[in-house]
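# Geometric and topological summary
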Amino acid sequence: MNGKRRTLAVFPGSFDPITNGHLDIIERSLTVFDLVTVAILVNLEKQPLFTVEERVEIIREEYQGNPRVKVDTFTGLLVDYAEKAGATVIVRGLRAISDFEFEFQMALMNRHLNSRIETVFMMPAERYSYLSSRLVKEVFQLGGGVRELVPAGVERRLREKYGRSRAPQTAPRRRAR
Ligand SMILES: Nc1ncnc2c1ncn2[C@@H]1O[C@H](COP(=O)(O)OP(=O)(O)OP(=O)(O)O)[C@@H](O)[C@H]1O
Ligand SMILES: [Mg+2]
């Protein structure tokens, strides 16, 4: 990098589990920033489906061999974590207007707490704009297929967790118009 400082972006979230929407944002971040750390918030109040260790392992598997993507965990204030990690950017994904209000509030609060760190929003491909970890879990639990929505490692682990041996058909049925 010609002696220039490398820009590290932190992409924080629960990633319970990581979805193709998250991967899309990470890919886009890599076109703008040198390094991306996926930072898993350890939230003791929430009951996650995947343990923190499992979530770290899934994301590591996905990016093994890519030295520009790291995985880490954090507790406490995100800006404190980012500062310590040497990051200057927080990346967040914006799916729809519904994400906006909360994200706007968080971004301004984080700026208030630490103005050296800038929040950058990225829009996913449209096909992922309806996708959330919560919805993936719900759909899978109800018997729906999620193969096109999550990395293979996530789909496999969902099947293991719920004792489902084979993924159901995911091809959408065409509706006659
Ligand atoms: N499909 C998606 N497209 C773009 N950004 C996304 C998508 N899913 C999550 N993100 C972004 O990833 C970051 C981390 O989000 P988080 O881990 O809470 O995922 P989530 O899918 O919203 O999970 P949950 O359903 O549990 O709230 C947030 O900035 C969120 O907006
Ligand atoms: Mg969310």
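For the structure itself, look to the data block above.
A short tour of the structure in this document, coming up.

Calculation criteria
- Residues numbered from 1 in each chain as written.
- Chains lettered and ligands numbered in written order.
- Predicted model: local features only at pLDDT ≥ 70, side-chain atom pairs only at ≥ 80, totals over all residues.
- Helix = DSSP H or I, 4+ residues; strand = E, 2+ residues; numbered from the N terminus.
- Rg over C-alpha atoms; globule rule 2.2 N^0.38 Å.
- Buried ≥ 20, exposed ≤ 12 C-beta atoms within 10 Å, placed from the backbone.
- Contact = placed C-beta atoms within 7 Å.
- Pairing = 2+ DSSP bridges.
- Right-handed = clockwise from strand over helix to strand, strands pointing away.
- Expected span 1.5 Å × (residues − 1).
- Arc of directions from axis to C-beta.
- Near = placed C-beta within 6 Å.
- Nonpolar A, V, L, I, M, F, W, Y, C, P; charged D, E, K, R; others polar.

### Here's the deal with the overall build of the chain
Within the chain, the regular secondary structure consists of 6 helices and 5 strands. Ordered by position from the N terminus, the helices and strands of the chain form the series β-α-β-α-β-α-β-α-β-α-α. A globule of 177 residues ought to have a C-alpha radius of gyration of about 16 Å, and the chain, at 17 Å, matches this closely. When each of the 177 residues of the chain is scored for burial, the buried share is 25%. A fraction of 73% describes how many contacts in the chain between residues 6 or more apart in sequence connect residues 24 or more apart.

### Observations regarding the environment of Phe50
The residue Phe50 is located in the loop between strand S2 (35-41) and helix H2 (52-63) in this model. The class for Phe50 is buried, based on 22 C-beta atoms found within 10 Å.

### Comments concerning the pairing of strand S4 (residues 89-93)
Of the strand pairs in this sheet, strand S1 (residues 8-13) and S4 are connected by 2 bridges, and their pairing is parallel. Of the residues in S4, the one forming a bridge with Ala9 is Val89. Here 5 bridges tie S4 to strand S5 (residues 118-122), and the two strands are oriented parallel to one another. Across the sheet, Gly93 pairs through a bridge with Met122, a residue of S5. For the segment spanning S4, helix H4 (residues 97-113) and S5, crossover handedness is right-handed.

### A short note on H2
Taking 1.5 Å as the rise per residue, H2 with 12 residues should run 16 Å; its terminal C-alpha atoms sit 17 Å apart, in good agreement. Residues of H2 that are buried include every one of Arg55, Ile58 and Ile59, and no others. Relative to the axis of H2, the buried residues are bounded by an arc of 90 degrees and lie together on one face. Buried residues belonging to H2 abut S2, strand S3 (69-74) and helix H6 (152-162). Of the residues one or two after H2, Gly65 is the one with positive phi, at around 90 degrees.

### Observations regarding the site of ligand 1
Around ligand 1 sit 18 residues, and of these Gly13, Gly21, Gly93, Pro124 and Arg134 come closest. Put simply, the parts of the chain that give the shell around ligand 1 at least two residues each are helix H1 (20-30), S4 and helix H5 (133-141). Counting residues per element, the shell around ligand 1 draws most heavily on H1, at 3 residues. Taken together, the residues that form the shell around ligand 1 break down as 5 nonpolar, 8 polar and 5 charged.

### Examining unusual backbone geometry
Put simply, Asp16 and Pro17 share a cis peptide bond, and its omega is 0 degrees. The topology assignment puts Pro17 in the loop between S1 and H1. For Phe15, which is not glycine, the phi dihedral falls at a positive 50 degrees. On the neighbour-count criterion, Phe15 (23 C-beta atoms within 10 Å) is buried.

### Thoughts on the environment of Arg116
Here Arg116 shows up in the loop between H4 and S5. Residue Arg116 is classed as exposed on the basis of its 10 C-beta neighbours within 10 Å. Sequence separation between Arg116 and Thr88 is 28 residues; the distance between their C-alpha atoms is 6.7 Å.

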